[in-house]
Every structure is written in structure tokens, then in C-alpha cells.
Amino acid sequence: MIALWMTLLPWIGALCLLLFKGWMDRFSRFLPGLVAAANVLLALLLNLQGSQQPTLVSLEMGNWPAPFGIQWVNDSLSSFFALVISLVLLALVLSRGFARDKEQQASSDVYSSAIVLILSGAAFGLLFTADLFNLFVLMEIASISLYALVARSRHPTAPVASMRYLLLGGVGSALYLLGIGVLYAKLGTLNMADIALKASSLNPAALQLVPLLLLLGLAVELEMFPFNAWVPQVYGAGGAFVPGFLAGVSSPIFALLLLRLVTVVFPVPQLRTVLLVAGLLTLVIGEFSALASRRLLKMLAFSSVGSMGMFLLLVSIPGAAMLRSSLFWLVMMLLAKVPLLGVAAYLQRQFGTDRFLELRGIFSQEKSAGLVFLLSAASITGIPLFAGFRAKIQALVSLASAQYWLLILPLLVSVLEFVYFFRAIRWMGMEPPESAGGKPVLPGSLEGFSRTGTLFLFSVFALLIVIFGLFPQGILDSIEVATTQLFDPVVYARAVLGGM
Amino acid sequence: MSRLWAAGIVVLIGLFLFLFLSDAQLGERQQVPVSEKMVQKNVLGTNPGPVIFGQSEGLEEGSANLVTSIVVGYRALDTLGEIMVLFLSALGVGAIAHLVWNQKLQKEAPSFILKTGAGIVFPMILVFGVYVFSHGHLSPGGGFQGGSILAIGILLLYIAFPTFELNRVLFQRLEGFGGVTFVVLGVIGALAGGAFLFNFLPNGVVGQLFSAGLIPILYLLIGLKVGSELGGILRNLYGGE
Amino acid sequence: MNVYTAGSILIFLLGLYGLLAKRDLFKMVISLSVLDTGVNLFLVAVGYGSGGIAPILTDTYPLSVLHFVDPLPQALVLTSIVINLGVTAFALVLVARIFKKHGTLDTAKLWQKMGGEEE
């Protein structure tokens, strides 16, 4: 039940915020942080249960056996990611707490904290659910939370950004439901393992249509082209929580779901082709757009799209090695994305802008932010001795060993990444600032404890980047264990259903 | 985008969908659907005979409304998710409503017919709403439907009586209460039977009002929650904070 | 593919057209609603078996072995409708917010404004 508590605890917290409204209002500042910390403990417990061999714990809701009731499964992959995600979420929630505006109305603060809690619960649920419709429900919960959180941002483009996200997300989820409709019409079940075992009885048309529709449903959250039109504006609206959440929690979780879909439920060539093409397009368009960006948050948003494109590319190729590479890539990238976005959001908070033109030489007065940015950028671009280097090399090698020509675009794009990241660093770090005294800080910006706390959080990430760069073995081993279960989908599916 | 492009894209997608869907032969099932066993209330394998309205007793699942048996029985976790979605949209509306309306909506003076009619119709709406969610396991309906009906009653009050104001805090507490109790009952189920949302109350005879174990209670909670939630949204739309 | 599934896909496509072709945000929200309706109808149609009865045990149809329509897609649709309600309610408030802030709901003008704020 531990997995279930990781979802129930935040949800009970959110409900209580309203049940005890008035009495709990001052407490609402701390509740998300407390719950996030509790979830880290739960995730640790989860991993304690099986660190050396693969785990497989099945939760049947209501005691109804697997394909009839809703089933949640905790396997090695979800245990590992539960831990990673819970730590990232804790950092994000804490930085949100630090960034809290003192003038904001108390009652809408409570709503916002409740929304964050509900979002957290849904995020963990997505890691464990083994039922396609339950997935849909949780995905919608996460999406609506994000629409609401984005709409609350103070940036002038926030409401329109939220609207765009909402409309695209609406289409995506409608397509997903269509896929479920067709799937249920043919196979009569919604349980992922059950579908995996029965998928071969689908006729060819359905076998092509269903995974495509499901993929398109996930495509919005995966920031896959062409459903990623919402990304630049939503990241651009800033805020301490949303961009970091999107890159550090949301995208990885949906990437994981995609992984399960492609390796266990529908390991069919048609799906992989679509992923390959979409991945290449996403990668190229993303990175070129990053190059052309004039705002830091947008540059990072497009960079995030680019790395998701790379992930899609990696996942599209069957094989155990690719599986490991794609997971490793995912983890290393999210480790760097969170501090990068954190610094960008921080700069926007302190100085009211993230436009490059207005942030010349800003790192000379924000030295720690600059250092964090430098280290994270080094990791993302793949400089040796940083965490991202190993991931990048492994990814490129895997691609090359699958098909030589697959290497070309990712390599080209890596060069682009170097260019725009170090251009940004040079401009913000090495150019002299506009005025001798440095850029004035906005009223209402972070100072004292809030400021130090925020910077500290991102420094921890930067530190981890350096540590994992030098000692990657721990993560590699965990990934090894996490993926062994997926290598034989039929065996895995049977095990999940309990030997039916 | 221009209408021509839009039409073109839609036609293309439509052709694609129709082609694939007809090829997929939706009418032909390849496998027996899981709902077969749910209809026979034989998922656990303990019920060999058919379920008979008004006679079958102590089954694994006691609701005469088969859809309800799925929504609040076999797939109850999705319903918890559904509750959270509505909760979320009420929160979302509340979170940005103060940015939209900073004064109350000016309501037109209602006519005599409206005022008198509302007074007569409102209690009926209330009764009907309560009927719908309390009989969710016996006839079409349930918590969500019943709650919506209650909310319509509240809307009527807003329209007919210019000075009507919903007690915000009370309804928010109702919302929270409904949700928390739902989860708590689920946890009690876990303690009593080993899994979250396990139906630990006796199932009684299929077709009677007091049957189906936990289901009427859950639907009651959902009805209260949904009613107060939608009422709260209405309140926000009318410009209260 | 029967007339119900085909019809629901048509409704879905109509909603999609509206979403793509209309310039007014409010109409886009309504188109999304139409699109969702199409999908919900599709799900219900999937469960339909010709000659089937509503899946409720009553005095008139007391036996569970009678030919009932599949109740599971109906349960899914119930959840889907509620979710769509939530999204639409929030979307409409968001539309109101955008109108209050920018004074227009014309997407062409809004994109222009966004472009100005951005770079």
C-alpha cells in the first residue's frame, strides 16, 4: 500500500486544507513541503523492499483481481523513479515555498497549495498505475492542475499560455480516449499487462491505430512535435514551480509511461517508426528554436523539447541497450534541467525579466546562480566529467550501433547545444554588466533566507551533477535492475497478472 | 488558421480514422470483455447462478444498477480520481476568480413568476437531487448526477433572489468533508479487507434500498461534495470571492 | 462500424474543425466541448449491442443473463463527462480572465499581443 499512500497522502492533505479552512490557512504554506518530505520517506521505504533484485508488488484496488479491477504495480522501474521524482518534487515545493509572495491573498494561496498537493498525488499515481483508463484520469488531474497553476502566474502571457495548453491538452486526451474505445471494443480489457498478453489477437488495422492514438494522447505532455506548441509560452510564464515541474517531473513520468507502452504493451514496429520520425522532428525543431530564442526561459524550454526528442528517438529503437540508454538519458537530463530552469525562474523573479538583452553580465552579481548554471549547462551539453557526458556518449553510441545514419542529426544538434548554451553563459557571465552597480533588484524579490534557500536547493542539484559525473555507477546499477523486468514483456505481463 | 486549411486537415484525419476504424471491425470482439463477469457479479468466481433482482443476496457486489457497480465498485479508484478532478476545477476557478471579478454581478430584478416559482420548485429540485444520488444503485443516477441537480437548485436561487448568497465556508467544508470521508472509508476498507476501497459493509438483497454495502454511502458523500463544489463554482461566477 | 460509431466520429471531427478554424477563444472552448461529446458518444457506441437493454436490473428485466448493453464503457463515459465538465468550467473562467486582461478574444490579435510581450 505504500505506493498508494504516496498518492493518498497529498490528496488527503488537499482535501483537509478545505475541510479545515480558516484554521489551517497559515499552515497551508508548509503542508506541501511536509507532504513532499513524507513522500520521499515513503519512496525510500519502497526501495528498501527490493534493492538487489527486481521487485514486483501488485495492488488490487477493492480486492478485485487484476484485469477486472484497477491494478497498481510497483516494479523496480517505478520504485527507482519514485525516489528520483520525490526528491525533485521536494526541491520544487521548497523553492515554491521560498518564492511565496508576501502580498498574495491568503485564500487563493490555500487553493494554490491544494492544487500542488493534488498534482503531486497524481504524479506518483502515474508511476504505479497499470490500468489505461486510470492513467487517463490521473493524466487529466495532472493537466488541469498545471493549467490552473500556469494561469496564476504573474507574467502577462500567463492566461493565454494556459489556454493554449488547455486546448492542446484537450485534443490529446480526446485522442487517447478514442484509442481506449477502440482497444476496449476489440480486447475488452483496460489492464496493461492483460493487453500485452492479448495484443497479438488484434487485427492489423486496430494494431496500428490504437497505439498511435494512445501515443498522440501522451504526446502533449511528452512535448512531442507537433503537440508542443504550448511549451515555450508555458515555460516562459515562469514561476518557481511550473517550469521545473514540467521538465523535472511531468516529462520524465510521461516518458516512463511511453517506455512501458512501447516495450511491454505494444512492442510493434509501427509505433516505433512514428516515434523515430517524431523524435527526430522534435529534436531538430526544438534545438534550432532554442538557438533562435531571445529569452532564457524559452531557450531552456526548447532545449527541454530537444532532449525529449532525443528520448523519443532512443525509445524508438528496440533492444536492452537502448532501454538502458534512454533511461539514463532521462535521469541525467532531468537532473540538469531542474537547476537550469530554477536559475532562470529565479532571475526572472529578482529582476523581472529573462530577456538576454536585459540580463547582460548578470552573473557577476549573482555568482552562485551563475555557477549552478555553468555546471548544469556543462552536464547538458555533455562535457566530460559531468553527469550528462556519460549519458550522451552512451546514447550516441547506442544510436550508432543500431543504425549509423541515426547519429548524424543528434551530433549536429549537440553542436548547436554547445553554441547556444555557452553563448548564454558568455553573455550573462563574462560580459560586463550595463551599469557599474549591477542590475537593480525588483521590489518584492527574494532576499535573505528565501534567497539563500532557493540558491542552496539548486546548488544541491549542481553538486549531484558533479558527483554522478565522477561516480555514475550507482545510478547505472539501479537502471540495470530497473530495466531487467522489461526485457521479456510476456514474462513480465504474466507475473503482473499473477500467473493467470 | 484559415477555414480551408482547417477543413483540409479535418477531412484528412477523418478519412484516416474512418478507414482504420472500419478495417478494425469494431463489431467483432477478439476477446471476452471483462464486463461479462461484472454483469454476472462473478468476478471472484463465487456466484455460479444468474443474479436475480429482488432475490439474490450476499453477492460480491450488490448494486442493481450495473453501471454503478462498476463506477463505485469494481473501478472505484477512478471515481476517486473523478472527485479529485472536480475538486481541482473548483480550486482552479477559485484560484483565478478574484482576478476576473472584483465585484458582484448585477442581477436583474426577477419577475414575480420567477420568485414565486423558484420558491415552489426549489424544494422539489432538492428532493429530486437527493433521490437521484440515494438511489444510484437502483436506477439511473448516482452521486455526480444528484450533485449536479442540487447545484441547479442553487443556481435557481441565485437567479431568483438577488440577495441570495451562498455561505462560502460552509460549502467548502462540505466539499472537504465529502472527499475526506470517501478516502477514509477507503482506508477502513483497506484495514478491514486488505485493499483500498474494499466494500466492507454487507451487500444485502439486490434491488432493495438498503443494499450494495458501501455504495449508497459513497454516493451520498459524492452527491454532497459535487453539489457543494458546483455551487461554489457558481458562487465564484456570480462574483463572490 | 455502425451508424452510432460513425456519427460520433463525425461529431468529433466537427469539434476538431471548430477548434482549428475558429478565431474566437470562446468558440474554441465550445468546439472542444463538441469534440469531447463526440468521443464520449463513441465510447458508449462501442458498448452497444443491437437489441440490448439498459444495464440495470429491474422488475421488468430481473435476470443478469438477459442481453444487456456493456456497462463498462458507460462507466468510463461517466468519468469522462465529469472530467470534461471540470476542464470546461475552468476554461470558461480562463476565457473571462483573458477578456478582462486583454479586452479581446480574437486569437489573431492575442497572438500579436503575445509576440509583443515576448521578445
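All values reported here derive from a predicted model rather than from experimental measurement. (Residues numbered from 1 in each chain as written. Chains lettered and ligands numbered in written order. Predicted model: local features only at pLDDT ≥ 70, side-chain atom pairs only at ≥ 80, totals over all residues. Heavy atoms only, no water.)

Visitor: Teacher, can you tell me more about helix α8 (residues 215-237) of chain B here?
Guide: Given 3.6 residues per helical turn, the α-helix brings residues three or four places apart onto the same face. Residues and elements named next belong to chain B. Under the 1.5 Å per step criterion, the end-to-end length of α8 is 32 Å for 23 residues, consistent within 8% with the ideal 33 Å. The element α8 is extensively covered by neighbouring structure, given that 19 of its 23 residues are classed as buried. Glycine 239, located one to two residues past α8, shows a positive phi value of around 100°. (Helix = DSSP H or I, 4+ residues; strand = E, 2+ residues; numbered from the N terminus. Expected span 1.5 Å × (residues − 1). Buried < 20%, exposed > 50% of the residue type's maximum accessible area, 1.4 Å probe, protein only.)

Visitor: I would appreciate a short explanation of unusual backbone geometry in the present structure.
Guide: The general pattern is negative phi for most residues beyond glycine and trans for most peptide bonds. All names here are of chain A. The linkage connecting phenylalanine 225 with the following residue, proline 226, adopts the cis geometry, with an omega of 0°. With respect to the helices and strands, proline 226 occurs in the loop between α8 (204-219) and α9 (231-236). The phi torsion at asparagine 63 lies on the positive side, around 65°, for a residue other than glycine. Inspection of the secondary structure assignment puts asparagine 63 in the loop between β1 (56-60) and β2 (71-75). One non-glycine residue, glutamate 223, adopts positive backbone phi at about 60°. Locating glutamate 223 in the fold gives a position in the loop between α8 and α9.

Visitor: Which parts of the structure should I look at to understand the interface of chain C and chain B?
Guide: Buried accessible area, meaning the area lost when the parts come together, often serves as the stated size of an interface. At the interface, 42 residues of chain C touch 51 residues of chain B. Summed over both partners, the interface of chain C with chain B comes to about 4100 Å²; 77% of that surface belongs to carbon and sulfur atoms. When the buried area of chain C at its contact with chain B is split by residue, C:Met1, C:Leu57 and C:Val93 rank highest and sum to 15% of it. The tally of links between chain C and chain B comes to zero salt bridges. Those elements that place two or more of their residues in the side of chain C that touches chain B are α1 (3-21), α2 (25-47) and α3 (71-102) of chain C. When residues of the side of chain C that touches chain B are assigned to their parent elements, the largest contribution, 18 residues, is made by α3(C). Looking at the side of chain C that touches chain B residue by residue, the class counts come to 32 nonpolar, six polar and four charged. (Contact = heavy atoms within 4.5 Å. Buried area = accessible area lost by both parts, 1.4 Å probe. Salt bridge = Lys/Arg side-chain N within 4 Å of Asp/Glu carboxyl O. Nonpolar A, V, L, I, M, F, W, Y, C, P; charged D, E, K, R; others polar.)

Visitor: Any chance you could explain the pattern of salt bridges here in plain terms?
Guide: This model, assessed by the stated rule, comprises eleven salt bridges over all chains. Salt bridges here are not isolated pairs; linked through shared partners, they connect A:Asp131, B:Arg75 and B:Asp78.

Visitor: Whenever I open this one, the side chain of B:Gln172 confuses me. Can you help?
Guide: By the secondary structure assignment, B:Gln172 is in helix α7 (residues 168-193). Filtering out sequence-adjacent residues up to four positions away, B:Gln172 remains in contact with A:Leu18, A:Lys21 and A:Tyr111.

Visitor: Quick question: what am I supposed to make of the interface of chain B and chain A here?
Guide: Tallying the contact residues gives 58 residues for chain B and 58 residues for chain A. Counting every contact that joins chain B to chain A gives one salt bridge. A salt bridge links B:Arg75 to A:Asp131, with the shortest nitrogen-to-oxygen separation between them at 2.7 Å. Viewed at the interface, chain A and chain B are joined by 14 residue pairs in polar contact (both at pLDDT 80 or more). Of all elements in the fold, only α1 (3-24), α2 (35-39), α3 (66-74), α4 (76-100) and α7 of chain B reach the threshold of two or more residues within the side of chain B that touches chain A. (Polar contact = N/O pair within 3.5 Å; in protein donor to acceptor, adjacent residues only side chain to side chain.)

Visitor: Before we go on, may I ask you to explain the layout of surface pockets in this structure?
Guide: To find leftover empty space, a probe the size of one water molecule is rolled over the atoms. Of the voids in this model, the largest pocket is the one considered here, and its volume is about 1300 Å³. In terms of lining, the largest pocket is formed by 33 residues, of which the most central are A:Leu168, A:Pro226, A:Phe227, B:Met1 and C:Leu20. The set of elements that each furnish at least two residues to the lining of the largest pocket consists of α6 (158-187), α8 and α11 (269-292) of chain A, α1 of chain B together with α1, α2 and α4 (107-118) of chain C. When grouped by side-chain class, the residues that make up the lining of the largest pocket number 29 nonpolar, one polar and three charged. (1 Å grid on protein atoms, 1.4 Å probe; cavity = no way out; pocket = protein on both sides within 12 Å on 5 of 7 lines; lining within 4 Å. Points joined across faces, edges and corners; volume = space filled by probe spheres on them.)

Visitor: Would you take a moment to explain a nonpolar patch on the surface for this structure?
Guide: Residue and element names in this part refer to chain A. On the surface, Leu385, Leu463, Ile467, Leu470 and Phe471 cluster together to form a nonpolar patch covering roughly 520 Å² of accessible area. Relative to the helices and strands, leucine 385 resides in the loop between α14 (367-381) and α15 (387-402). We classify leucine 385 as exposed; its relative accessible area is 57%. (Patch = residues over 30% accessible without salt bridge, like charges linked within 9 Å, V, L, I, M, F, W, Y side chains within 5 Å. Areas by Shrake-Rupley, 256 points an atom, 1.4 Å probe, with all protein chains shown as cover.)

Visitor: Help me understand the environment of A:Val315 in this model?
Guide: Residues and elements named next belong to chain A. Summarising the element assignment, valine 315 is placed in helix α12 (residues 296-315). Among the residues examined, valine 315 registers a relative accessible area of 5% and is labelled buried. For the pair valine 315 and leucine 327, spaced twelve residues apart in sequence, the C-alpha to C-alpha distance is 9.0 Å. With residues up to four places along the chain from it excluded, the contact list for valine 315 reads Leu259, Val262, Arg272, Leu275 and Ser326.

Visitor: How should I be thinking about the pairing of β2(A) in this particular structure?
Guide: Successive side chains on a regular strand alternate, one facing one side of the sheet and the next facing the other. Residue and element names in this part refer to chain A. Here β2 lies mainly inside the structure; five of its five residues are buried. Along β2, one buried face is formed by Gln71, Val73 and Asp75 and the opposite face, lined by Trp72 and Asn74, is buried too. Judged from the five bridges that link them, β1 and β2 form a sheet pairing that is antiparallel. Residue pairing in the sheet places glutamate 60 in a bridge with glutamine 71 of β2. (Pairing = 2+ DSSP bridges.)

Visitor: Whenever I open this one, the confidence of the model for chain A confuses me. Can you help?
Guide: Model confidence for chain A is summarised by a mean pLDDT of 86, while 96% of its residues fall at 70 or above. Here helix α19 (residues 489-497) of chain A is the element of chain A with the lowest mean pLDDT, 79, and helix α5 (residues 132-151) of chain A is the one with the highest, 95. (pLDDT = per-residue confidence, 0-100.)

Visitor: I'm lost on the environment of A:Ala424 in this one. Help?
Guide: Residues and elements named next belong to chain A. Here alanine 424 lies in helix α16 (residues 408-430). Placed 47 residues apart in sequence, alanine 424 and alanine 377 show a C-alpha to C-alpha distance of 9.8 Å. Every residue in contact with alanine 424, bar those within four places of it in the chain, is listed here: Met299, Phe356 and Gly429.

Visitor: Please explain α4(B) as it appears in this structure.
Guide: All names here are of chain B. In this model α4 runs 36 Å from its N-terminal to its C-terminal C-alpha over 25 residues, within 8% of the 36 Å that 1.5 Å per residue would give. Roughly 25° is the biggest bend found in α4, and it falls at glycine 94. The buried fraction of α4 is high, at 23 of 25 residues. (Bend = angle between axes of the 7 residues up to and from the residue.)

Visitor: Explain the packing of aromatic side chains to me, please; I cannot follow it from the model alone.
Guide: Aromatic rings in a pair are described by how distant their centres are and how their planes are angled relative to each other. Here the structure, examined in full by the defined rule, presents 15 aromatic pairs over all chains. Among the aromatic residues, ring-to-ring pairing joins A:Phe363, A:Phe373, A:Tyr420 and A:Phe421 into one connected group. (Phe/Tyr/Trp six-rings, centres within 6.5 Å; stacked < 30°, edge-to-face > 60°.)

Visitor: Looking at this structure, how should I read the packing of α12(A) against helix α13 (residues 320-351) of chain A?
Guide: Describing two packed helices takes the angle between their axes plus the distance from one axis to the other. Residue and element names in this part refer to chain A. Two numbers describe how α12 lies on α13: the axes approach to 10 Å, and their chain directions differ by 175°. As the angle between them shows, α12 and α13 are arranged roughly antiparallel. Considering only residue class, the contact of α12 with α13 consists of 16 nonpolar, six polar and one charged. (Axes fitted to C-alpha atoms, helices over the stretch in contact; angles between N-to-C directions. Parallel < 35°, antiparallel > 145°, perpendicular 65-115°, else oblique.)

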